[in-house]
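# Descriptive structure summary
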Protein chains: 2
Amino acid sequence: MAPRKQQEIFDATLRLVAEKGYDGLTVEGVAERSGVNKTTIYRWWPSKAALLGAALVESDVLGFEPVDTGSLRGDLVALVEGVIRLLTEPPAADIALAALAAAVRHPELDARHFFADRLAKEREIFERAARRGELAASADPMLVIDLLAGAVWARVVLRGLRAPDDFAAKAVSALLDGV
Amino acid sequence: MAPRKQQEIFDATLRLVAEKGYDGLTVEGVAERSGVNKTTIYRWWPSKAALLGAALVESDVLGFEPVDTGSLRGDLVALVEGVIRLLTEPPAADIALAALAAAVRHPELDARHFFADRLAKEREIFERAARRGELAASADPMLVIDLLAGAVWARVVLRGLRAPDDFAAKAVSALLDGV
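Residues numbered from 1 in each chain as written. Chains lettered and ligands numbered in written order. Predicted model: local features only at pLDDT ≥ 70, side-chain atom pairs only at ≥ 80, totals over all residues. Heavy atoms only, no water.

As named in an unreviewed UniProt entry, chain A is TetR/AcrR family transcriptional regulator, taken from Nonomuraea bangladeshensis.

Structure (structure tokens):
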């Protein structure tokens, strides 16, 4: 399938799940909105769970590239600010929250690929920091990401509070300088 | 209402939301399961959102008391281990995840009281640590809790992975000793 057509299918999938939730997402609806035949979509993705899983990883809307600021601190602050934007700015926020709600209730929707794919990219930050001698060899990238990204989820999604402007700097400082 | 009757209503509410999701939760269903008249329930909680919100905060099932281990490190490790249990052991895990999915899709269900109530209790840990001189006056309890509890949510709920046995100790060490 042409990459552009595929992006249109993914966009339609993510917009539909954001608007209607997972229960309201149908391959028929995606076919109608993207102008691609339902049978063609099913040939590539055998279920709506498979389609949404692929869209979460592949769509440009949730695309993620770690920023190289020249320091571990700067890179991590940029990463936390990116998660804040992901969880607060439409359309990404509506998509992320609808996908979370769906993944919690529907184990057949495997959101693990989305987070595994992000972590593979986030590892660059830690490899650069190790090369600069900023990080102990024993540092655990997944744990650092879980602490920092998890803090944003906790503040914004669970507590339903705004992240203050200095949230990213303070969260990174708590990790790098201690509480 | 007698406290015991109230707990029976809350238990029925939480069991129903865990089994059927928020859409399947009805005041009628809670009335049937708890043996309390529907009209009585409505007199106390005007909607199912209000009933579930109260049940999350007041039920013994999700009850929380911070442990006093004698050190900030020990208290925080116990706290993280408690969040791991909350998110992995039934029935609490089913309730917590169903409530999360509901809160994300239904803003009228205000989960903020649940987290605010927990934070009020968690502050004890930081007050004890400050009295022992273990913590800078500038430390931000909400940020520390968001980092630690958020890390558990990220690992267990978002990534869908098991938290290793040393997860709590390593997460707390990353904060207290630096990464």
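### Quick word on the overall build of chain A
Keep this limit in mind: A run of H or I in DSSP becomes a helix once it reaches four residues, and a run of E becomes a strand once it reaches two; helices and strands are each numbered from the N terminus. The buried label applies to any residue whose accessible area, calculated with a 1.4 Å probe on protein chains only, is under 20% of its type's maximum; exposed applies above 50%, and partly exposed to all values in between. Note on contacts: a residue pair qualifies if any of its non-hydrogen atoms lie within 4.5 Å across the two residues. Computed with the Shrake-Rupley method and a 1.4 Å probe, the accessible areas treat only the protein chains shown as cover for residues. Working convention for charge: Lys and Arg count positive, Asp and Glu count negative, and His plus the chain ends are omitted. Where a charge lies is defined by one atom per residue type: Lys uses NZ, Arg uses CZ, Asp uses CG and Glu uses CD.
Secondary structure assignment for chain A yields nine helices and zero strands. For chain A, the sequential pattern of α-helices and β-strands runs α-α-α-α-α-α-α-α-α. With respect to the three principal axes, the spread of C-alpha positions in chain A is 55 × 35 × 25 Å. For chain A, the proportion of its 179 residues judged to be buried stands at 51%. For chain A, long-range pairs separated by at least 24 residues make up 67% of all intrachain contacts whose partners lie at least 6 apart in sequence. Carbon and sulfur atoms form 51% of the exposed surface of chain A, whose accessible area is close to 8100 Å². Side chains of chain A carry 22 positive and 26 negative charges; the gap between the two charge centres is 3 Å.

### Examining helix α6 (residues 92-105) of chain A
Rules: Multiply 1.5 Å by the residue count of a helix minus one, and that product is the helix's expected span.
With 14 residues, α6 of chain A extends 20 Å between its outermost C-alpha atoms, agreeing within 8% with the 20 Å of an ideal straight helix rising 1.5 Å per residue. Counting buried positions along α6 of chain A yields 10 of 14 residues, so the element is predominantly enclosed. Those residues of α6 of chain A that sit buried are A92, A93, I95, A96, A98, A99, L100, A101, A102 and V104 of chain A. For α6 of chain A, the secondary structure elements touched by its buried residues are α1 (3-24), α4 (48-58), α5 (72-88) and α8 (141-158) of chain A together with α6 (92-105) and α8 (141-158) of chain B.

### Looking at the relation of the copies chain A and chain B
What counts is decided by this rule: Residues reaching a pLDDT of at least 70 in both copies supply the C-alpha atoms on which the copies are superposed by least squares.
Expressed as a screw operation, the relation of chain A to chain B combines 0.0 Å of axial shift with a rotation of 180 degrees, fitting to an RMSD of 0.0 Å. What the rotation and shift describe, once combined, is the action of a two-fold rotation axis. By residue overlap, the copies meet face to face through one surface: 100% of the interface positions of chain A are interface positions in chain B.

### Looking at the packing of α1 of chain A against helix α2 (residues 27-34) of chain A
All names here are of chain A. In plain terms, the rule: An axis is simply a line fitted to the C-alpha atoms; with a helix, the fit covers only the stretch in contact. Between two such axes, the angle follows the N-to-C directions and lies from 0 to 180 degrees. Put simply, angles under 35 degrees are roughly parallel, angles over 145 are roughly antiparallel, angles from 65 to 115 are roughly perpendicular, and the rest are oblique. For any helix crossing, the convention is left-handed if the near helix is rotated counterclockwise from the far helix by under a right angle, and right-handed if that rotation is clockwise. All residues other than Ala, Val, Leu, Ile, Met, Phe, Trp, Tyr, Cys, Pro, Asp, Glu, Lys and Arg, Gly among them, are scored as polar; the first ten of these are nonpolar and the last four charged.
Remark: α1 packs on α2, axes separated minimally by 9 Å, with the N-to-C direction vectors making an angle of 125 degrees. Classified by the angle their axes make, α1 and α2 are oblique. In this structure, α1 crosses over α2, and the sense of that crossing is right-handed. Contacts from K5, E8, I9, A12, T13, R15, L16 and E19 of α1 reach α2 at G29, V30, R33 and S34. Across the contact of α1 with α2, the residue classes tally to four nonpolar, three polar and five charged.

### Observations regarding the UniProt feature "DNA-binding region" (unreviewed entry) in chain A
We apply this condition: UniProt positions are given in the numbering used here, feature names are shortened, and annotations may be inferred rather than shown by experiment.
According to UniProt, the "DNA-binding region" (unreviewed entry) feature falls on residues 26-45 of chain A. Helix makes up 75% of residues 26-45 of chain A and strand 0%, whereas the separation of the span's terminal C-alpha atoms amounts to 12 Å.

### A word on the packing of aromatic side chains
Stated formally: Pairing of aromatic side chains here covers Phe, Tyr and the six-membered ring of Trp, requires ring centres within 6.5 Å, and sorts the geometry by plane angle: under 30 degrees stacked, over 60 edge-to-face, intermediate tilted. For a Lys NZ or an Arg CZ to count as sitting over a ring, it must be within 6 Å of the ring centre and within 35 degrees of the ring normal.
All chains considered together, the criterion is met by six aromatic pairs over all chains. Ring centres of F114 of chain A and F115 of chain A lie 5.0 Å apart, and the angle between their planes is 80 degrees; this geometry places the pair in the edge-to-face category. The pair F114 of chain A / F115 of chain A is uniform in exposure class, with both members buried. When the ring of W44 of chain B is compared with that of W45 of chain B, the centres are 6.0 Å apart and the planes differ by 40 degrees; the resulting orientation is tilted. In this structure an aromatic cluster arises from ring pairing among F10, W44 and W45 of chain A. The ring of Y22 of chain A carries the charged tip of K48 of chain A above its face, separated from the ring centre by 4.3 Å.

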